[in-house]
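A structural walkthrough
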Amino acid sequence: MIAPQLLCGVLMTFATVVVHMASVIWLGRQLAAAMGSVRSRGTGERCLFLSTAVLALIALHLAEAGAWALLYLELGEFDGLSQALYFSVVTATTLGYGDMTLSEPW
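All values derive from a computational prediction rather than experimental measurement.

Criteria and thresholds
Residues numbered from 1 in each chain as written. Predicted model: local features only at pLDDT ≥ 70, side-chain atom pairs only at ≥ 80, totals over all residues. Heavy atoms only, no water. Helix = DSSP H or I, 4+ residues; strand = E, 2+ residues; numbered from the N terminus. Rg over C-alpha atoms; globule rule 2.2 N^0.38 Å. Buried < 20%, exposed > 50% of the residue type's maximum accessible area, 1.4 Å probe, protein only. Areas by Shrake-Rupley, 256 points an atom, 1.4 Å probe, with all protein chains shown as cover. Lys, Arg positive; Asp, Glu negative; His and termini not counted. Charge placed at Lys NZ, Arg CZ, Asp CG, Glu CD. pLDDT = per-residue confidence, 0-100. Phe/Tyr/Trp six-rings, centres within 6.5 Å; stacked < 30°, edge-to-face > 60°. Contact = heavy atoms within 4.5 Å.

Before going further, it helps to examine the overall build of the protein chain. The number of helices and strands found in the protein chain is 3 helices and 0 strands. A compact globule built from 106 residues would reach a C-alpha radius of gyration of about 13 Å, whereas the protein chain, at 18 Å, exceeds it by more than 25%. Considering only C-alpha atoms, the protein chain reaches an extent of 55 × 30 × 20 Å along its principal axes. A total of 106 residues make up the protein chain; the buried ones form 20% of that total. When the accessible surface of the protein chain is split by element, carbon and sulfur atoms take 69% of a total near 7500 Å². Separation of charge centres in the protein chain, based on 4 positive and 7 negative side chains, amounts to 35 Å.

See below:
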């Protein structure tokens, strides 16, 4: 039998991957639709356009980290959202400071 912690992690990872994939596909379609009008623009406008796309990807990653943070809160691993989000971002970016950890079962 799979440990509940492993099952929870696998399901959350799967959900995160599906949301990420769907969001990137949607963003790609939006970019492709807008590229025709961007090609005829100046360099500054193209840079602004691409910067917007990068910011959208950063927002997507933050939303995913937020979803993990909410899971950590639901599991009772942290007292507040700021702690849970901090741990989530540090873990997702693989910094792994180690100043905060999950309890032994998790």
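With that settled, consider the confidence of the model for the protein chain. When pLDDT is averaged along the protein chain, the result is 88; 94% of the residues meet or exceed 70. For the protein chain, helix α1 (residues 4–39) is the element with the lowest average pLDDT, namely 88, and helix α3 (residues 81–92) is the one with the highest, namely 93.

What follows concerns the packing of aromatic side chains. If you walk through the whole model with that rule in mind, you get 4 aromatic pairs. Relative to Y72, the ring of W68 has its centre 6.1 Å away and its plane inclined at 45°; by these criteria the two rings are tilted. Linking W68 with Y72, this pair stays in helix α2 (residues 43–74), spanning 4 residues, or about one helical turn.

This paragraph deals with the environment of L27. Secondary-structure assignment places L27 in helix α1. We classify L27 as buried; its relative accessible area is 14%. Residues L27 and S88, 61 residues apart in the sequence, show an inter-C-alpha distance of 24 Å. With residues up to four places along the chain from it excluded, the contact list for L27 reads A53, A56 and L57.

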